[in-house]
Amino acid sequence: MAKSAEQEHPTKAFGWAATDTSGVLSPFKFSRRETGEKDVRFKVLYCGICHSDLHMAKNDWGTSTYPIVPGHEIVGIVTEVGSKVGKFKVGDRVGVGCMVGACHSCDSCDNDLENYCPKMVFTYSAPYHDGTTTYGGYSDVMVAEERYVVRIPDNLPLDAGAPLLCAGITVYSPLQHFGLTKPGMHIGVVGLGGLGHVAVKFAKGFGVKVTVISTSPSKKKEAIEHLGADYFLVSREPDQMQAAMGTMDGIIDTVSAVHPLLPLIGLLKSQGKLVMVGAPNRPLELPVFPLIMGRKVVAGSCIGGMKETQEMIDFAGKHNITADVEVIPMDYVNTAMERLEKADVRYRFVIDIGNTLKSA
């Protein structure tokens, strides 16, 4: 087993955790497992803050197990590899996203769709195979099975690349799976937040026309001049929506708030696809008649398998796609969570773990 000199205490770890439903995070000592024969251990340098981290810290979904060390957009440098690890070596730039385990024997796993495995193990606040609870990336060290580790291209900055491990694969996978990547296609992106701004970048990387659909007219300049969208629709303006009816091959809907689907379905061409990747906390109303009349599809998508996640990060490296980030120190995390709840971020907070965790 190859080890770096700095791994004197391989099981000791330090991070920030939420200990109750207040969601407030504070310093927390815990243990990582020893590096197994198929494991990769790495020093965490950056970790993105996903909106799901906020929900989990406050137990909004009723599934949290405390204490919680959040974080599933984790990047860093390999410090140790197990004896049967073949893809990575000490010094490699790597990352871990939303999952760290699955059954490896079901149809989903056999088809490189570990993300849909009934026994998929989330990166934090989930029971692992050995009976322990998983801890995420708001910490100084990460250990994961080789299968769940991705290689970060050398040209991608680690801080702005970290959010791709969740936000990036969440929008890349449905674009690929639903055939919305052909140059000349017209794709809509609903919402210009952490997911939406990355969706625009990936869609433009595929060479498709992109319309951003937003409730906020103030985001038009940002969408077109900075992110490269071709068009901008204000969803609250009936005249604009009417003019765009029946023009889109597909729509990626990133909005997590309750919102009407009928206007979006109307934007689709016949056989168009509306793909939901946001997760509203209450059911949405789905009008069936416009689906029937246009043979249209409303679908959902959740991250992607590990093979596709590596393909996504390689595509991002080839096309210089990164998230727009605000890098923060570890001790700013609670303020960042408060700002995230108010949507006061453009477009993703990323914690500088490597430089600020110890001082915090």
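Residues numbered from 1 in each chain as written. Predicted model: local features only at pLDDT ≥ 70, side-chain atom pairs only at ≥ 80, totals over all residues. Heavy atoms only, no water.

(A) Spotlight on the overall build of the chain. Scanning the chain for helices and strands turns up 12 helices and 18 strands. Computed over its C-alpha atoms, the radius of gyration of the chain comes to 20 Å, within 12% of the 21 Å expected for a compact globule of 360 residues. If you line up the chain on its principal axes, its C-alpha atoms span 65 × 40 × 35 Å. Scored against the burial criterion, the 360 residues of the chain give a buried share of 56%. Carbon and sulfur atoms make up 52% of the accessible area of the chain, which amounts to about 15700 Å² in all. Seen as two clouds, the 36 positive and the 39 negative side-chain charges of the chain have centres 3 Å apart. (Helix = DSSP H or I, 4+ residues; strand = E, 2+ residues; numbered from the N terminus. Rg over C-alpha atoms; globule rule 2.2 N^0.38 Å. Buried < 20%, exposed > 50% of the residue type's maximum accessible area, 1.4 Å probe, protein only. Areas by Shrake-Rupley, 256 points an atom, 1.4 Å probe, with all protein chains shown as cover. Lys, Arg positive; Asp, Glu negative; His and termini not counted. Charge placed at Lys NZ, Arg CZ, Asp CG, Glu CD.)

(B) Layout of the pattern of salt bridges. Counted according to the given criterion, the structure contains 15 salt bridges. Put simply, R339 and D344 hold a salt bridge, and the shortest N to O gap is 3.0 Å. (Salt bridge = Lys/Arg side-chain N within 4 Å of Asp/Glu carboxyl O.)

(C) Region of the structure containing the pairing of strand β15 (residues 268-276). Relative to β15, strand β14 (residues 248-253) runs parallel, the two being bridged by 5 bridges. Paired with D253 across the strands is M276, a residue of β15. Assessed by its sense of winding, the connection that carries the chain from β14 through helix α8 (residues 262-267) to β15 is right-handed. Bridge count between β15 and strand β16 (residues 297-300): 4 bridges; the pairing is parallel. Paired with M276 across the bridge in β16 is G300. (Pairing = 2+ DSSP bridges. Right-handed = clockwise from strand over helix to strand, strands pointing away.)

(D) Up close: the side chain of E146. For E146, the location among the structural elements is in the loop between β9 (141-145) and β10 (150-151). As a buried residue without a salt bridge, E146 has its nearest oppositely charged side chain in K87, at a separation of 5.2 Å. In this structure the side chain of E146 is engaged in a polar contact, spanning 2.6 Å, whose partner is the backbone nitrogen of K87. Residues in contact with E146, not counting those within four places in the same chain, are K38, D39, V40, K84, V85, G86, K87 and F88. (Polar contact = N/O pair within 3.5 Å; in protein donor to acceptor, adjacent residues only side chain to side chain. Contact = heavy atoms within 4.5 Å.)

(E) Geometry of the confidence of the model for the chain. Per-residue confidence for the chain gives a mean pLDDT of 95; residues scoring 70 or more make up 97%. Contacts from residues 3-9, a stretch scored under 50 in pLDDT, to residues over four places away or in other chains number 9 contacts. (pLDDT = per-residue confidence, 0-100.)

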